[in-house]
Amino acid sequence: WDNADFSRGVGTTFYQEFRTLNTAKPPFIRDVEAKVRRYLRSSYSAAWTLKITWEKAPAYTARTDTRRTITYQAILTTDGFRSYVLMLYQEGGMQWDYTRLTATNVLIGYT
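Residues numbered from 1 in each chain as written. Predicted model: local features only at pLDDT ≥ 70, side-chain atom pairs only at ≥ 80, totals over all residues. Heavy atoms only, no water.

The name an unreviewed UniProt entry gives the protein chain is MUC4 protein, with Fregetta grallaria as the organism.

As structure tokens, this is what we get:
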């Protein structure tokens, strides 16, 4: 929920959409389906998936430190009936100094 700050030209955000209803599924989609099946112990076949990546994103405010960044992804996926979000963080990728953030009650998540 904290703010990433791209105002200094450091970091990138990009996305990729996958429409997989009645089409061959790339390895990435098969991996997403496998994660949903494993975590929820149910059958799942993705019809649509959106991958959003924040790469080397500095924390707000970037004017204080652009060297400490984070890389993470949000994967939104649905079979047309059920929808899921996977939050993936690069191992060792959280470099933000949370002691310098405006809020002291740091949480990672979505709403």
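*Asks:* Please give an account of unusual backbone geometry that cites residues and values.
*Replies:* Residues other than glycine predominantly adopt negative phi, and peptide bonds predominantly adopt the trans conformation. The residue Arg41 is not glycine, and still its phi comes out positive at about 50°. If you trace the backbone, Arg41 turns up in the loop between α1 (27-40) and β2 (48-58). Of note, Lys56 is a non-glycine position whose phi angle comes to about 50°, a positive value. Mapping Lys56 onto the fold places it in strand β2. Given a relative accessible area of 53%, Lys56 falls into the exposed group. (Helix = DSSP H or I, 4+ residues; strand = E, 2+ residues; numbered from the N terminus. Buried < 20%, exposed > 50% of the residue type's maximum accessible area, 1.4 Å probe, protein only.)

*Asks:* Would you mind going over the sheet that holds strand β3 (residues 69-78) in detail, with residue names and values included?
*Replies:* Spatial ordering of the open sheet is given by β1-β2-β3-β4, a layout of four strands whose pairing is antiparallel. With one partner strand each, in any of the chains shown, β1 (12-19) and β4 (83-89) form the two edges of the open sheet. Taking the axes of each pair of neighbouring strands and ignoring which way they run, one obtains an average angle of 10° across the sheet. Across seven bridges, the pairing between β3 and β4 is antiparallel. (Pairing = 2+ DSSP bridges. Axes fitted to C-alpha atoms, helices over the stretch in contact; angles between N-to-C directions.)

*Asks:* Run through the nonpolar core, naming residues and quoting values.
*Replies:* Ranked by size, the top nonpolar core spans six residues in total: Phe18, Ile29, Val36, Tyr44, Ala46 and Tyr84. Among all residues touching Val36, those that are not within four sequence positions of it are Arg41, Tyr44, Thr77 and Tyr84. Counting residues in each nonpolar core, the second largest holds five residues, with Ala59, Ile70, Tyr72 and Trp96 among its members. (Core = buried A, V, L, I, M, F, W, Y, C linked by side-chain atoms within 4.5 Å. Contact = heavy atoms within 4.5 Å.)

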